[in-house]
Amino acid sequence: MVIGIGNEYRRDDGFGPAVVARLADLQESDPALAAVDLRASDGEPTRLLDLWTGTDLAVVVDAVRDGADHGGHRYELVLDEVADLADGRSASSHGVSLGSTVELGRALGRLPRRLVVLAVGAVEFGFGSGLSPEVAAEVDPVIARVRELVS
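Here, residues in each chain are numbered from 1, in the same order as that chain's written sequence. In keeping with the model being predicted, local features are shown solely for residues with a pLDDT of at least 70 and side-chain atom pairs are shown and tallied solely at 80 or more, while totals for entire chains, interfaces and linings include all residues. The side-chain quantities take in all heavy atoms of the structure and omit both hydrogens and water.

Draft legend 1. Main features of the overall build of the protein. Helix numbers and strand numbers start at the N terminus; a helix is a DSSP run of H or I with at least 4 residues, a strand a run of E with at least 2. A tally of helices and strands in the protein yields six helices and five strands. Reading the secondary structure of the protein in the N-to-C direction produces β-α-β-α-β-β-α-α-β-α-α. Out of the 151 residues belonging to the protein, those deemed buried represent 45%. Should any heavy atoms of two residues lie within 4.5 Å, those residues are counted as being in contact. Once local pairs closer than 6 in sequence are excluded, the contacts in the protein between residues at least 24 apart make up 77%. Every accessible area reported is derived by Shrake-Rupley at a probe size of 1.4 Å, with residue values counting cover from the shown protein chains alone. Of the roughly 7,400 Å² that the protein leaves accessible, carbon and sulfur atoms contribute 50%. We call a residue buried when its accessible area falls under 20% of the maximum for its residue type, exposed when it is over 50%, and partly exposed in between, using a 1.4 Å probe and counting protein chains only.

Dropping the structure here:
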């Protein structure tokens, strides 16, 4: 399962859905992606839990506010690192942190066997479509990492 979190009409926040859309374009011709379930999500916790519950691997792709003055830095977190993100320290651009969603999933017994988050630092979250050049440049490297993870 690959879940792209974000809103394509909030500039860099559309990174997750953009990665999933590109993966969908590649899926038919790429054997590594043939059995992968691709989904876009707004990041609402119960929807994420519904998507990843019972999966062997869930890869979550998202744009984050990383505090830097430029976009494009890539991050990779695994389940325990994600769970350590408290609400106050989370870099998520969404209302509820991914760390809190993971803790809820843990409490309810609704986590995937393995959870990997691939995130990119972003700065443009205003209204509009299209990724900033720095964030757009990270789409292909993240796709390559997704392919490695699901192979």
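Draft legend 2. Representation of the environment of Ala-137 in the model. With respect to the element layout, Ala-137 can be found in the loop between helix 5 (133–136) and helix 6 (139–150). A relative accessible area of 48% means that Ala-137 is categorised as partly exposed. In the structure, Ala-137 is positioned 65 residues away from Gly-72 in sequence and 7.4 Å away in space, judged by C-alpha atoms.

Draft legend 3. Spotlight on the pairing of strand 3 (residues 57–64). The buried fraction of strand 3 amounts to eight of the eight residues, a majority that puts the element mostly inside the structure. Taking every second residue as pointing to the same face, both faces of strand 3 are buried, with Leu-57, Val-59, Val-61 and Ala-63 on one and Ala-58, Val-60, Asp-62 and Val-64 on the other. The criterion for strand pairing is that DSSP finds at least two bridges linking the strands in question. Where strand 1 (residues 2–5) lies against strand 3, three bridges are found, and the strand directions are parallel. Bridging from a neighbouring strand, Gly-4 pairs with Val-61 of strand 3. As paired elements, strand 3 and strand 5 (residues 114–121) share eight bridges and run parallel to each other. For Ala-63, the partnering residue across the bridge sits in strand 5 and is Val-120.

Draft legend 4. Structural context of the packing of helix 1 (residues 15–27) against helix 6. Remark: helix 1 packs on helix 6, axes separated minimally by 10 Å, with the N-to-C direction vectors making an angle of 60 degrees. Considered as vectors, helix 1 and helix 6 are oriented oblique to each other. The chirality of how helix 1 crosses helix 6 is right-handed. Facing Phe-15, Val-19, Arg-22, Leu-23 and Leu-26 of helix 1, the residues of helix 6 in contact are Val-139, Asp-140, Val-142, Ile-143 and Val-146. The nonpolar class holds Ala, Val, Leu, Ile, Met, Phe, Trp, Tyr, Cys and Pro. Asp, Glu, Lys and Arg form the charged class, and all remaining residues, Gly among them, are polar. Its residues assigned to classes, the contact of helix 1 with helix 6 comprises eight nonpolar, no polar and two charged. Comment: axis = line fitted to C-alpha atoms, over the contacting stretch for helices; angle = value between 0 and 180 degrees taken between N-to-C directions. Small angles under 35 degrees read as roughly parallel and large ones over 145 as roughly antiparallel, with 65 to 115 read as roughly perpendicular and the rest as oblique. Rotating anticlockwise by less than a right angle from the far helix to the near helix defines a left-handed crossing, while the corresponding clockwise rotation defines a right-handed one.

Draft legend 5. Geometry of the pattern of salt bridges. Take a side-chain nitrogen of Lys or Arg and a carboxyl oxygen of Asp or Glu: if they are within 4 Å of each other, that pair is a salt bridge. Within this structure, the stated rule accounts for eleven salt bridges. Asp-37 is paired through a salt bridge with Arg-39; the nearest N and O atoms lie 3.1 Å apart. Residue class for Asp-37 comes out partly exposed when judged on its relative accessible area of 31%. Among the residues examined, Arg-39 registers a relative accessible area of 37% and is labelled partly exposed. One salt-bridge network, in which partners are shared between bridges, spans Glu-76, Arg-145 and Glu-148.

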